[in-house]
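A structural walkthrough
So you can see what is in the structure, the chains are spelled out below.
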Amino acid sequence: MSGGAPIIAGLFLIGLSTVNAVATSAYVLVFMSAIGTVFHIVGSQVDWNAGISLMVGALIGAAIGPRLLTRLTKSKVGKYIKPVIAFFLVLLGFKTLF
């Protein structure tokens, strides 16, 4: 688990908007991922075939995600984003416990 779910939950609790919470979480995860990447490369524990595929997907998601989130929060769907994220955070919590 990347830790993104608890970070977003905490940012919601301190009152950040959906866009700011997701952006801040992504910013934190970039640095956590960079540090993990360095340690795995130094330890020769990288499956480059899987890694390249995941990097390509992450780059595409990073390009599309913010634009999509901005459009969704400005639309009628925007008021449902936070409750949906909250539902999945609770579901993730239960899944982690059991």
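Residues numbered from 1 in each chain as written. Predicted model: local features only at pLDDT ≥ 70, side-chain atom pairs only at ≥ 80, totals over all residues. Heavy atoms only, no water.

**Observations regarding helix H2 (residues 18–42)**
- Compared with an ideal rise of 1.5 Å per residue, which puts 25 residues at 36 Å, H2 spans 36 Å between its outermost C-alpha atoms and is within 8% of the ideal.
- Of all the positions in H2, only Thr18, Ala21, Ser25 and Leu29 are classed as buried.
- Against the buried residues of H2 lie helix H1 (4–13), helix H3 (48–74) and helix H4 (78–97).
- Immediately downstream of H2, the backbone of Ser44 shows phi near 55 degrees, a positive value. (Helix = DSSP H or I, 4+ residues; strand = E, 2+ residues; numbered from the N terminus. Expected span 1.5 Å × (residues − 1). Buried < 20%, exposed > 50% of the residue type's maximum accessible area, 1.4 Å probe, protein only. Contact = heavy atoms within 4.5 Å.)

**Observations concerning the layout of surface pockets**
- In this structure, the largest pocket encloses a volume near 1,100 Å³.
- The wall of the largest pocket is formed by 32 residues, among which Leu29, Val30, Ser33, Ala58 and Leu59 lie closest to the centre.
- Of all the secondary structure elements, the ones that give two or more residues to the lining of the largest pocket are H2 and H3.
- With 15 residues, H3 is the largest single contributor of residues to the lining of the largest pocket. (1 Å grid on protein atoms, 1.4 Å probe; cavity = no way out; pocket = protein on both sides within 12 Å on 5 of 7 lines; lining within 4 Å. Points joined across faces, edges and corners; volume = space filled by probe spheres on them.)

**A closer look at H3**
- Here H3 contains 27 residues, and its C-alpha end-to-end distance of 39 Å stays within 8% of the 39 Å for a straight helix at 1.5 Å per residue.
- Along H3, the sharpest kink reaches roughly 30 degrees, centred on Ile64 and followed within four residues by the proline Pro66. (Bend = angle between axes of the 7 residues up to and from the residue.)

Any functional reading would require information beyond the geometric quantities listed.
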